[in-house]
Amino acid sequence: CFHVFKGLIKWINLVFLYNTILQGNVEIMTHFFLPSGLLWGVGSSAYQTEGAWDKDGKGPSIWDAFTHKKGKVFRSETGDSARNGYYKVKDDIQLLKELKANHYLLSISWPRIMPTGIKTEQVNEKGIQFYNDTINSLLENNIIPIVSLYHWDLPQVLQETYGGWQNISTMNYFNDYANLCFEKFGDRVKHWITFSDPWAVDVKGYDTGEHAPGLKPGECSAYKAAHHIIKAHAKVWHSYNDTWHSEQQGMVGISLTRSWGEPIDPHSQTDKAAAERYIRFHLGWFANPIYKGDYPEVMKNYVGKKSAQQGLGTSRLPTFSVQEKTYIKGILDFLGIPILLFPFLQVPSYNTDYDLAELVDPKWPAPGPKWLYSVPWGFRRLLNFIKTQYGNPLIYVTENGVNQILGMTNIGNKFNRIISILFTALNDGVNVKGYTAWSLLDKFEWNEGFSERFGFYHIDFKTKNEPRHPKASADYYKKIISANGFPNPREVDNWYREAMDSCSTTHQHLATGNCAFCSVLEKHII
Ligand SMILES: *[C@@H]1O[C@H](CO)[C@@H](O)[C@H](O)[C@H]1NC(C)=O
Ligand SMILES: *[C@@H]1O[C@H](CO)[C@@H](O)[C@H](O)[C@H]1NC(C)=O
Ligand SMILES: *[C@@H]1O[C@H](CO)[C@@H](O)[C@H](O)[C@H]1NC(C)=O
C-alpha cells in the first residue's frame, strides 16, 4: 500500500509485555510507593459487557447492526448478550470491591437511554434507571465512577438516516444526550470522558472498515468524522462549563490514542521526522486542536499535498474557522491515555497520507496476536511528550491491559513494569492521577469477538449463570492496590506465588479446559 518510503519508523503500540526489548532502556524498580490519592481502577465499556442489546427499550447501535452481518467479526460473534453485565451489576461490583479498585471506568450506551439517539424523539427511563442504579451501587461501595459518554456504540438510526459522524448534526444530538447525562447523573459523577479513543472510531469505523459502521474510503471520510467529533467534544465541554460546572464541580476529559513511533535510525533526520509525523498524525490529530486550536501543521501539509496530487481542489482534511479555533482550544480538564491497541491494518487513504513505513522491530518476539507489541519506555516517552507539548495536563491512564495468553505468561512482570514506568513518569513531573487496568471481566473484543480474554476475572460462559473466577492477575493487582506500590522484592515475590496458588485452587473447581489461564500460567513460570 505504501508508495513512498521516506523515512522509516518503528511503530510501537503501547502495551507492556516484553522484557527483551527493555534492556538498557528502562529501570525496573523493585520497591517504591506511589503518591497517595492515585486512583487505581478497572474499566470496561457498555457494548463489550452489558448484553441485553434489545431489552427494556434499548435501541440498536451501529455495533448491533455491524455484528449482525455475517463475517464482520471473528466467528460472527456478537455482543447481543456479551457478558450479561446488564443483569449482573451488583455481582460485578462485588468483584470490583474484592479487587479493592477505587474507581471504575464504564461507558453509557447512548441508544440505551435514547433509542434513536434523538432526545426529542424518545428518552428511555429504564435505561436511565439502569445507569443510575449502577452509579449508586458503585458509590455505596466507595468506588468512584468515571463515565465515558461514547465508547463506540452510536445509535444505529443516526448512522442509517443521517450518516452518523459524517453529519455535523450528530454533534447536536450528542450534546443533548450528554446534557441529559449531566442532568441525571452529574450530582454523583465527577469524571466524564466525552469520547473513548476517537482515533479508532474514525480510522477503523470510517476508513479501514474493520469496526462499525464498517465504511471504507470513498464512502466517507475519516477526517470529516474526526472533525465533527472534535467539535462535539468542544460543544459538550462548553455545555458542561456553562450549565453544570458551577453546581456539579466535575471534570470533562477525552481519552485519546496511544501509539508512539521511534526512528529506526535515531541519527537520520528523515527517520526522526517520520517518527514525529507519526505521532502528530495519531495523538496530534485530536490533541492539537483541543490544546492548541488547530490540526498539526505537518498533517495539514501532508494531507493537503496528497489531496492536490489526487486532483482534488481542496484538502481532505477540513479546516476550522477562526471562531471555531477559539471555541475548541484549551477545553479539556484531563486527558485519558489508553494503552491498549486493536489490530493495526495498513491500508490506503488515512494511513498512507503520512508517507512512512511502519515496521515492527524484528528483535521483538512474536507474541501471538500480531498486534500486541509492548514497549513500556514508549509509554514513558509518550507521557513526557504530552507533558511538554500540551502544557503538562492532568492525565488518567485508561485501558491498560493485555489479554490472557500474553498476560498470564507474564503476570508478575507485566504489572511491575507498567507501574514502574508510571512511577518514573511521575518522577519526570508528568501529572498522572489515575491508572485503569483493562478490564474487569473477559468480554466481547470488537472485531475479535470473544477470542481474546482481557479480564481479571475469567467467565465460564459454558456454565449457566456464567460464573466469574478470579485469575491470578486479580489477586496480584489487589495486592499492588492495597500497598499503593511495591514494598520490597521479597514481598512482591510472595504476592506472585500466592496469586498463582489461588489461581490453581480455582483451577481444580473448573472442568479442564475452562481454566486455560492457569495452565498457561503454570507453563510459563518465571
Ligand atoms: C438516581 O439516584 C439518586 C440517588 O439515589 C436519586 O436521588 C434519583 O431520584 C435517582 N434517579 C432516578 C431516575 O432513578
Ligand atoms: C444531516 O442530518 C440532518 C438531520 O439532523 C438531515 O436533515 C440532513 O439531511 C443530513 N445530511 C446528510 C448529508 O445526510
Ligand atoms: C467557563 O465558565 C466560566 C463560568 O461560567 C466562565 O467564566 C468561563 O469563561 C468559561 N470558560 C470558557 C473557556 O468558556
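Just so you know, the residues in each chain are numbered from 1, in the order the chain's sequence is written. Whichever chain is written first is A, and whichever ligand is written first is 1; the rest continue in order. Whole-chain, interface and lining totals are the exception, using all residues; otherwise, since this is a predicted model, local features are given only for residues with pLDDT of at least 70 and side-chain atom pairs are given and counted only at 80 or more. Computation of side-chain values: all heavy atoms of the structure, hydrogens and water removed.

Student: Looking at this model, I keep getting lost on the packing of aromatic side chains. Mind explaining?
Tutor: How two aromatic rings sit relative to each other is set out by the distance from centre to centre and by the angle between their planes. Two rings belonging to Phe, Tyr or Trp (six-membered ring only in the last case) form a pair when the distance between their centres is within 6.5 Å. Interplanar angles under 30 degrees mark stacking, angles over 60 mark edge-to-face geometry, and anything in between is tilted. In total, this model carries 26 aromatic pairs according to the counting rule given. Seen from their ring centres, Phe174 and Tyr177 are 5.8 Å apart, and the 55 degrees between their planes marks the pair as tilted. Taken together, the residues Phe174 and Tyr177, both in helix 7 (residues 169-185) and three residues apart, mark about one turn of the helix. Residue Phe174 is classed as buried on the basis of its relative accessible area, which comes to 0%. Taking 6.5 Å as the distance between ring centres and 80 degrees as the angle between the ring planes, the aromatic pair formed by Phe385 and Tyr390 counts as edge-to-face. Note on classification: 1.4 Å probe, protein chains only; a residue is buried when its accessible area is under 20% of the maximum for its type, exposed when over 50%, partly exposed between these limits. On the basis of relative accessibility, which here comes to 12%, the residue Phe385 falls in the buried class. Overall, Tyr390 belongs to the buried group, its relative accessible area being 6%. Members of the aromatic cluster, connected to one another through ring pairs, are Trp110, Tyr150, Trp165, Phe174, Tyr177 and Phe195. Each helix is a run of DSSP H or I of at least 4 residues and each strand a run of E of at least 2, with the numbering of both proceeding from the N terminus.

Student: What am I meant to see in the site of ligand 3 here?
Tutor: Every residue close to ligand 3 is listed here: Trp237, His238 and Asn241. N or O atoms closer than or at 3.5 Å make up a polar contact, with two conditions inside protein: a donor-capable atom paired with an acceptor-capable one, and, for residues adjacent in sequence, both atoms drawn from side chains. The side chain of Asn241 places a nitrogen or oxygen atom 2.3 Å from an oxygen atom of ligand 3. If ligand 3 stood free it would expose 360 Å²; the protein chains cover 33% of that surface. Whether a residue is near a molecule or strand depends on its heavy atoms: if one lies within 4 Å, it is near. Calculation of accessible area relied on Shrake-Rupley with a 1.4 Å probe; when residues are assessed, cover is drawn exclusively from the protein chains displayed.

Student: Sorry, what's going on with the site of ligand 1 here?
Tutor: Gln129, Asn132, Asn136 and Arg188 make up every residue found near ligand 1. Within the contact set of ligand 1, an oxygen atom lies 2.4 Å away from a side-chain nitrogen or oxygen of Asn132. The protein chains hide 46% of the 360 Å² of surface that ligand 1 would expose on its own. When residues are sorted by character, Ala, Val, Leu, Ile, Met, Phe, Trp, Tyr, Cys and Pro go into the nonpolar class, Asp, Glu, Lys and Arg into the charged class, and all the rest, Gly among them, into the polar class. Per-class residue counts for the shell around ligand 1 are no nonpolar, three polar and one charged.

Student: Which parts of the structure should I look at to understand the environment of Leu96?
Tutor: With respect to the element layout, Leu96 can be found in helix 3 (residues 89-99). For Leu96, a relative accessible area of 1% translates into the label buried. C-alpha separation for the pair Leu96 and Lys478, spaced 382 residues apart in sequence, amounts to 9.7 Å. If we ignore the near neighbours within four places in the chain, the residues touching Leu96 are Val42, Ala101, Tyr104, Leu138, Ile143 and Leu440. A contact between two residues is defined here by any heavy atoms of the two lying within 4.5 Å.

Student: Looking at this structure, how should I read the side chain of Asn175?
Tutor: Mapped onto the fold, Asn175 is located in helix 7. By relative accessible area, Asn175 is classed as buried at 9%. Those residues in contact with Asn175 that lie beyond four places of it in its chain are Lys235, Val236 and Ser239.

Student: Whenever I open this one, helix 11 (residues 297-309) confuses me. Can you help?
Tutor: In an α-helix, one turn spans 3.6 residues, which is why side chains three or four residues apart end up on the same side. The span expected for a helix works out to 1.5 Å for each residue beyond the first. Taking 1.5 Å of rise per residue, 13 residues should cover 18 Å, and helix 11 covers 18 Å from first to last C-alpha, within 8% of that figure. Within helix 11, the full set of buried residues consists of Met299, Tyr302, Val303, Lys306 and Ser307. For helix 11, the arc enclosing every buried residue in end-on projection is 130 degrees, short of the 170-degree limit, so these residues lie on one face. Opposite its buried face, helix 11 presents the exposed residues Glu297, Ala308 and Gln309, each directed more than 90 degrees away. Check the buried side of helix 11 and you find it contacts helix 9 (222-248) and helix 10 (269-292). Just beyond helix 11, the residue with positive phi is Gly311, at close to 80 degrees. It is the directions from the helix axis to the C-beta atoms whose arc is reported.

Student: Is there a simple way to think about empty space enclosed by the protein in this case?
Tutor: Gaps left between atoms show up when a probe the size of a water molecule is rolled over them. Whether a set of points on the 1 Å grid over the protein atoms alone is a cavity depends on a 1.4 Å probe fitting there but being unable to get out, while an open set qualifies as a pocket with protein on both sides within 12 Å along at least five of seven lines; lining residues are those with an atom within 4 Å of a point. Grid points are joined across faces, edges and corners, and a volume is the space filled by probe spheres set on the points. Counted under the stated rule, the structure contains six cavities of 30 Å³ or more. Of the voids in this model, the largest cavity is the one considered here, and its volume is about 240 Å³. Lining the largest cavity are 19 residues; nearest its centre among them are Ser44, Thr49, Gly85, Tyr104 and Thr134. Of all elements in the fold, only helix 1 (46-49), helix 3, strand 4 (103-107) and helix 5 (125-140) reach the threshold of two or more residues within the lining of the largest cavity. Taken together, the residues that form the lining of the largest cavity break down as 11 nonpolar, six polar and two charged.

Student: Before we go on, may I ask you to explain the packing of helix 5 against helix 7 in this structure?
Tutor: The description of two packed helices rests on the angle between their axes and on the distance between the axes. In this analysis, axes come from line fits to C-alpha atoms, helices being fitted only over the stretch in contact, and the angle between any two N-to-C directions falls in the range 0 to 180 degrees. At a minimum axis separation of 11 Å, helix 5 and helix 7 run at an interaxial angle of 50 degrees. It follows from the interaxial angle that helix 5 and helix 7 lie oblique. The element helix 5 and its partner helix 7 pack so that their crossing is right-handed. Contacts between helix 5 and helix 7 involve Ile128, Tyr131, Asn132 and Ile135 from the former and Leu180, Lys184 and Phe185 from the latter. Among the residues making up the contact of helix 5 with helix 7, the classes are represented as five nonpolar, one polar and one charged. Oblique is the label for any angle not covered by the other classes, which are roughly parallel (under 35 degrees), roughly antiparallel (over 145) and roughly perpendicular (65 to 115). Note: crossing handedness is left-handed where the near helix turns anticlockwise from the far helix by less than a right angle, and right-handed where it turns clockwise.

Student: What is the right way to look at the nonpolar core in this model?
Tutor: Only buried residues count toward a nonpolar core. Its members are Ala, Val, Leu, Ile, Met, Phe, Trp, Tyr and Cys residues joined through side-chain atoms within 4.5 Å. Counting residues in hydrophobic clusters, the biggest one holds 132 residues, and the most contacted among them are Trp110, Trp165, Phe174, Trp192 and Trp285. Residue contributions to this core peak at 12 residues, all from helix 9.

By themselves, these observations are geometric and do not establish any function.
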